[in-house]
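Listed below, chain by chain, are the residues.
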Amino acid sequence: VRSAVWARRRKKQNIVFRACGPLLVSVLEWRLLGRALPSRWSAVALSGIFACAAGYVASDNAFAMHGLRAYTWCGVYFVSICLSDTCGKQIISGLRWRTMWGPVLYTNLLASPVMLALGVAGGEVPRLAAAAWRPRGVALYALSCLFGIAISFTGWRCRALVSATCYTVLGVANK
């Protein structure tokens, strides 16, 4: 979570790293999941993305001033996202869920204590107690929760249907 916050402060660099995600995910998928490496044309496309990213880094003022330190948090976030995409595919492939609700509920259940701890540490409890709980606000909050669950369900369903590399490409394209 910390790496995501710090990486998003450097939006342009974060986008460049995310664009390179399919390259690392394809290698992780090959090593960890036993899938084939990308075809020749896919490798050419992935190499093109990497070349553009390298060109951006070479012309970036922050890189010129601070070297690789300018990209530390983006790098941590990049690796964590790539591992997450690959492990997500492993979870879908390795475990036999009866329905797609299994991974949706599992990941949300795992994330809840972490988010609760971050809320408490961030001083959100007094703000929550002082909030005005109007019916319209509660309804909008409930609706946003439903949309979040729908997005999670759709993401896990997509992971089940395509390779981790393809899922990462879709994620980059939708960012």
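All values derive from a computational prediction rather than experimental measurement.

Calculation criteria
Residues numbered from 1 in each chain as written. Predicted model: local features only at pLDDT ≥ 70, side-chain atom pairs only at ≥ 80, totals over all residues. Heavy atoms only, no water. Helix = DSSP H or I, 4+ residues; strand = E, 2+ residues; numbered from the N terminus. Buried < 20%, exposed > 50% of the residue type's maximum accessible area, 1.4 Å probe, protein only. Contact = heavy atoms within 4.5 Å. Areas by Shrake-Rupley, 256 points an atom, 1.4 Å probe, with all protein chains shown as cover. Core = buried A, V, L, I, M, F, W, Y, C linked by side-chain atoms within 4.5 Å. Salt bridge = Lys/Arg side-chain N within 4 Å of Asp/Glu carboxyl O. Expected span 1.5 Å × (residues − 1). Bend = angle between axes of the 7 residues up to and from the residue. Patch = residues over 30% accessible without salt bridge, like charges linked within 9 Å, V, L, I, M, F, W, Y side chains within 5 Å. Axes fitted to C-alpha atoms, helices over the stretch in contact; angles between N-to-C directions. Parallel < 35°, antiparallel > 145°, perpendicular 65-115°, else oblique. Left-handed = near helix turned anticlockwise from the far one by under 90°. Phe/Tyr/Trp six-rings, centres within 6.5 Å; stacked < 30°, edge-to-face > 60°. Lys NZ or Arg CZ within 6 Å of the ring centre and 35° of its normal.

The subject of this paragraph is the overall build of the protein chain. Tallying secondary structure elements over the protein chain gives 10 helices and zero strands in all. Listing the helices and strands of the protein chain from first to last along the sequence gives α-α-α-α-α-α-α-α-α-α. In the protein chain, which comprises 175 residues, the proportion classed as buried is 26%. Across the protein chain, every contact between residues at least 6 apart in sequence was considered, and the portion connecting residues at least 24 apart equals 79%. When the accessible surface of the protein chain is summed, it comes to about 12000 Å², and 69% of that surface belongs to carbon and sulfur atoms.

On to the nonpolar core, then. Side chains of a nonpolar character, in soluble globular proteins, are inclined to be buried together. The biggest cluster of nonpolar side chains holds 14 residues, and the ones touching the most others in it are Phe17, Tyr71, Phe78 and Cys82. At three residues, the largest contribution of residues to this core is made by helix 6 (residues 72–94). Aside from chain neighbours lying at most four places away, what touches phenylalanine 78 is Phe17, Cys20, Gly21 and Leu24.

Attention shifts here to the side chain of threonine 168. You can see threonine 168 is positioned in helix 10 (residues 164–174). Excluding residues within four positions of it along the chain, threonine 168 makes contact with Gly21, Pro22, Val25 and Asp85.

So, on to the pattern of salt bridges. In the structure shown here, the tally under the stated rule is three salt bridges. With a shortest N-O distance of 3.3 Å, arginine 35 and glutamate 29 are connected by a salt bridge. Under the relative-accessibility criterion, arginine 35 is labelled partly exposed at 35%. Residue arginine 159 is joined to aspartate 85 by a salt bridge in which the shortest nitrogen-to-oxygen separation is 3.5 Å.

This paragraph deals with helix 7 (residues 101–121). When the terminal C-alpha atoms of helix 7 are compared, their 30 Å separation across 21 residues agrees well with the 30 Å that a helix rising 1.5 Å per residue should span. At serine 112, helix 7 shows its strongest bend, of approximately 30 degrees, with the proline proline 113 following within four residues. Restricting attention to buried positions, one finds in helix 7 the residues Gly102, Pro103, Val104 and Gly119.

What follows deals with a nonpolar patch on the surface. Taken together, the side chains of Leu140, Leu143, Leu146 and Phe147 make up a nonpolar region of the molecular surface, amounting to roughly 410 Å² of accessible area. Among the secondary structure elements, leucine 140 is positioned in helix 9 (residues 135–161).

Interaxial distance between helix 7 and helix 9 falls to 9 Å at its minimum, and their mutual angle equals 125 degrees. Considering their axes alone, helix 7 and helix 9 lie oblique with respect to each other. In this structure, helix 7 crosses over helix 9, and the sense of that crossing is right-handed. Here helix 7 contributes Trp101, Pro103, Val104, Thr107 and Asn108 to the contact with helix 9, which in turn contributes Ile149, Ser152, Phe153 and Trp156.

We now examine the packing of aromatic side chains. Each aromatic ring pair is specified by the distance between its two centres and by the angle formed by the two planes. Scanning all chains against the criterion turns up one aromatic pair. Geometry around tryptophan 30 places arginine 31 over its ring, the cationic atom sitting 5.7 Å from the centre. Just above the ring of tryptophan 156 sits the side chain of arginine 159; from NZ or CZ to the centre is 4.6 Å.

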